[in-house]
2 protein chains.
Amino acid sequence: MDIKDYIKAVAAEVDAALERFLPSAERMPQNLHKAMRYSVFAGGKRVRPVLAMAACDAVGGERQYVLAAACAIEMIHTYSLIHDDLPAMDDDDFRRGQPTNHKVFGEANAILAGDALLTEAFVLLANDSVDIDPEIRRQVIQIIARASGSAGMVGGQVVDMESEGKAIDLPLLEYIHIHKTGALIRASIEVGALLGGADKEQLASLSRFGELAGLAFQIADDILDVTASQEDLGKDAGSDEARGKATYVSLLGLPQARQRADELRGLALESLNGFDVSAEPLRQIMKFIIERNS
Amino acid sequence: MDIKDYIKAVAAEVDAALERFLPSAERMPQNLHKAMRYSVFAGGKRVRPVLAMAACDAVGGERQYVLAAACAIEMIHTYSLIHDDLPAMDDDDFRRGQPTNHKVFGEANAILAGDALLTEAFVLLANDSVDIDPEIRRQVIQIIARASGSAGMVGGQVVDMESEGKAIDLPLLEYIHIHKTGALIRASIEVGALLGGADKEQLASLSRFGELAGLAFQIADDILDVTASQEDLGKDAGSDEARGKATYVSLLGLPQARQRADELRGLALESLNGFDVSAEPLRQIMKFIIERNS
């Protein structure tokens with residue numbers, strides 16, 4: 001299995017599903033639906049849906065049960081990017097090489113498109129067109145909501161903003177990453193496992209994998225910010241530094257940051273020891289993301 | 001029964017529950033939790049939770065099953081007010097006589113406090129501490145999410161913003177109100193009924209009541225905007241007109257707007273004909289809100 005083909009295939013499946021699940025741009029209010037679709041289809045790599053599907057594969061589950069939740073997570077991830085880019089937040093004009101949502105649709109519409117994507121994610125999670133055990137469905141909604149709220153993604157974003165331009169230490173940096181990006185990555189894996197029929201032990205192992213992988217991806221991202229060119233990133237390279245943002249690289253230096261990413265990758269792979277070849281996609285994704293970025 | 005006492009009692013019950021359900025302001029990130037609590041406890045009248053409880057009463061249900069959903073709806077309502085008040089939206093400095101969220105906590109924190117309230121509402125809805133039939137729970141989440149998203153509240157807000165300063169007709173004005181405020185009011189009543197154990201016929205009647213009541217409340221609100229003083233409102237009286245917002249009063253004139261509110265009140269009360277004295281709270285709330293406002 002070539003992991004690039006695997007990622008490409010899952011991403012295509014998710015894109016097609018998002019096309020169906022998102023409200024049509026023909027339907028009123030058209031501008032809102034256009035704004036929602038603009039950012040959802042702005043070239044995201046679908047990392048979270050791919051991880052959810054790979055976790056489902058790891059426990060031998062059927063992907064059809066994961067598809068809606070994977071798309072809901074991608075919608076939540078997209079809303080968070082739209083709001084992060086707003087003038088009152090990071091004030092970014094470009095994301096993945098394209099103008100940010102508020103540059104195209106205006107600030108008010110960007111706020112509302114984010115609000116709508118977050119809300120429609122829960123419409124999708126509560127949709128009963130696929131037959132999912134109701135108690136599992138409740139757990140899935142709970143995991144995703146918790147990972148996205150004040151004890152997860154939003155909480156991390158608040159602390160990240162508060163820390164800009166300040167000297168912070170490693171524990172606070174880890175708090176930010178575990179909450180801001182780690183929580184939803186871990187939730188993607190947990191949800192994929194749950195909907196794939198994981199037992200308690202499998203769920204615990206995959207949850208641990210998700211925790212370690214989330215942090216490893218973030219360190220790799222910090223490394224990429226200083227080593228890649230603007231063209232590679234679709235945004236300004238070195239933008240974290242310019243913004244006075246603490247990163248693993250600024251706190252640890254490049255060699256130590258690389259070492260920490262490698263360490264976490266090793267621990268993450270260890271947590272998959274109880275799985276056979278079915279967890280190969282998860283293992284390969286882990287290696288692929290770290291190697292691409294560092 | 002004095003309806004004012006009924007409303008006061010339910011509001012107190014909801015306030016106490018919100019106090020428990022919302023993340024503590026002592027917990028990190030403190031600023032986020034303070035901002036969330038600031039707006040939730042800024043003097044809201046708890047109209048939606050009261051309607052949910054009254055709908056539960058109408059079908060002889062037990063209120064303990066409705067409390068979390070009623071609080072979740074109030075959290076969603078509060079998030080919508082925080083975002084509506086933002087500089088990029090209505091740019092309001094005061095709400096209910098107090099500085100708006102972004103005036104106190106800054107724009108970025110206000111956006112994130114809104115995001116977190118919306119998300120934590122779903123954390124609460126997915127919480128299993130109260131024993132609710134899982135299929136009913138799914139329906140409750142679906143109803144609330146749909147009423148809040150692009151086919152409901154957010155959709156109405158987008159069209160409302162797009163229509164500012166433009167000549168709009170009555171059908172478009174009704175579209176705005178049915179979506180922007182009507183959808184969540186109707187959802188409150190449906191959810192209260194469902195969690196109270198309503199059968200299909202009862203649910204349909206109460207849903208119809210919610211639809212008519214939601215519109216009637218909005219017309220009453222439009223009337224209040226021109227007839228009340230600034231002191232009564234806690235915001236600038238006549239602010240709709242100053243902002244070039246079309247209202248029932250600007251489109252129909254004051255006497256006709258009053259007649260339409262009366263008509264809708266009559267139809268709403270009619271939809272409760274199949275209910276005995278148990279629906280008295282709903283009937284009285286209807287009368288109370290319309291009379292206070294017109």
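Structure's up top.
What you see is a predicted model; the values in this text were computed from it and never measured.

Asks: What is the right way to read the relation of the copies chain A and chain B from this model?
Replies: The pair of chain copies shares a relation made of a rotation about an axis and a shift along it. When chain A is fitted to chain B, the best match, at an RMSD of 0.0 Å, comes from turning it 180° and sliding it 0.0 Å along the axis. Here the two chains are linked by the operation of a two-fold rotation axis. Considering only C-alpha atoms, the residue of chain A closest to the rotation axis is A:Pro134, which sits at 2.7 Å. When the interface residues of chain A are mapped onto chain B, 100% of them again fall at the interface, so both copies present the same face.

Asks: What's the story with helix H3 (residues 47-58) of chain B in this structure? I'm lost.
Replies: Three- or four-residue spacings in an α-helix give side chains the same orientation, since the helix completes a turn every 3.6 residues. If you check H3(B), its first and last C-alpha atoms are 16 Å apart, about what twelve residues at 1.5 Å a residue would give, namely 16 Å. Burial analysis of H3(B) places eleven of its twelve residues in the buried class, the great majority of the element.

Asks: Looking at this structure, I do not really get the interface of chain A and chain B. What am I missing?
Replies: Interface size is commonly expressed as the accessible area that is lost once the parts come together. In this assembly, 44 residues from chain A lie in contact with 44 residues from chain B. Elements with a contribution of two residues or more to the side of chain A that touches chain B: helix H2 (30-40), helix H6 (107-125), helix H7 (134-148) and helix H8 (153-163) of chain A. When residues in the side of chain A that touches chain B are grouped by element, the largest group, twelve residues, is from H6(A). Class assignment for the residues of the side of chain A that touches chain B results in 23 nonpolar, twelve polar and nine charged.

Asks: Hey, could you run me through the environment of B:Ile82 in this one?
Replies: Residue and element names in this part refer to chain B. As for its placement among the helices and strands, isoleucine 82 is situated in helix H4 (residues 67-84). For isoleucine 82, a count of 29 C-beta atoms within 10 Å gives the class buried. Distance in space between the C-alpha atoms of isoleucine 82 and arginine 283 is 30 Å, their sequence separation being 201 residues.

Asks: What exactly am I supposed to notice about the packing of H3(B) against H4(B) here?
Replies: When two helices pack together, their arrangement is captured by the angle between the axes and the distance separating the axes. All names here are of chain B. Where H3 contacts H4, the axes come no closer than 8 Å and their chain directions differ by 155°. In terms of axis orientation, H3 runs roughly antiparallel to H4. Where H3 crosses over H4, the two elements pack in a sense that is right-handed. When H3 is examined against H4, the residues Arg48, Pro49, Ala52 and Met53 are found in contact with a partner set consisting of Ala69, Ala70, Cys71, Ile73, Glu74 and His77.

Asks: Help me understand the environment of B:Thr78 in this model?
Replies: Residue and element names in this part refer to chain B. Position of threonine 78 among the secondary structure elements: in helix H4. Expressed as a C-alpha distance, the spacing of threonine 78 and glycine 197, which sit 119 residues apart in the sequence, is 27 Å. Once you skip the residues sitting within four places of it in the chain, threonine 78 turns out to touch Ser39, Val40, Gly44 and Leu117.

Asks: Could you clarify how one ought to interpret the packing of H2(A) against H6(A) in this entry?
Replies: Residues and elements named next belong to chain A. Axis separation between H2 and H6 bottoms out at 9 Å; the angle between their running directions is 75°. Compared by their axis directions, H2 and H6 come out roughly perpendicular. Residues Asn31, Leu32, Ala35, Met36 and Ser39 of H2 form the contact with H6, whose own contacting residues are Asn109, Ala110, Leu112, Ala113, Ala116 and Leu117. Residues that form the contact of H2 with H6 fall into these classes: eight nonpolar, three polar and no charged.

Asks: Please explain unusual backbone geometry as it appears in this structure.
Replies: A negative phi holds for most residues other than glycine; trans holds for most peptide bonds. A:Pro29 follows A:Met28 through a cis peptide bond whose omega is -5°. Structurally, A:Pro29 is set in the loop between helix H1 (3-21) and H2. In this structure, B:Asp91 takes a positive phi of about 50° despite not being glycine. Assignment of secondary structure puts B:Asp91 in the loop between H4 and strand S1 (94-95). Phi at B:Arg96 is positive, roughly 50°, even though this residue is not glycine. Looking at where B:Arg96 falls in the secondary structure, it is placed in the loop between S1 and strand S2 (98-99). A residue is classified by how many C-beta atoms lie within 10 Å of it, and B:Arg96, with 14 of them, is partly exposed.

About the criteria used
- Residues numbered from 1 in each chain as written.
- Chains lettered and ligands numbered in written order.
- Predicted model: local features only at pLDDT ≥ 70, side-chain atom pairs only at ≥ 80, totals over all residues.
- Least-squares fit on C-alpha atoms with pLDDT ≥ 70 in both.
- Contact = placed C-beta atoms within 7 Å.
- Helix = DSSP H or I, 4+ residues; strand = E, 2+ residues; numbered from the N terminus.
- Expected span 1.5 Å × (residues − 1).
- Buried ≥ 20, exposed ≤ 12 C-beta atoms within 10 Å, placed from the backbone.
- Nonpolar A, V, L, I, M, F, W, Y, C, P; charged D, E, K, R; others polar.
- Axes fitted to C-alpha atoms, helices over the stretch in contact; angles between N-to-C directions.
- Parallel < 35°, antiparallel > 145°, perpendicular 65-115°, else oblique.
- Left-handed = near helix turned anticlockwise from the far one by under 90°.

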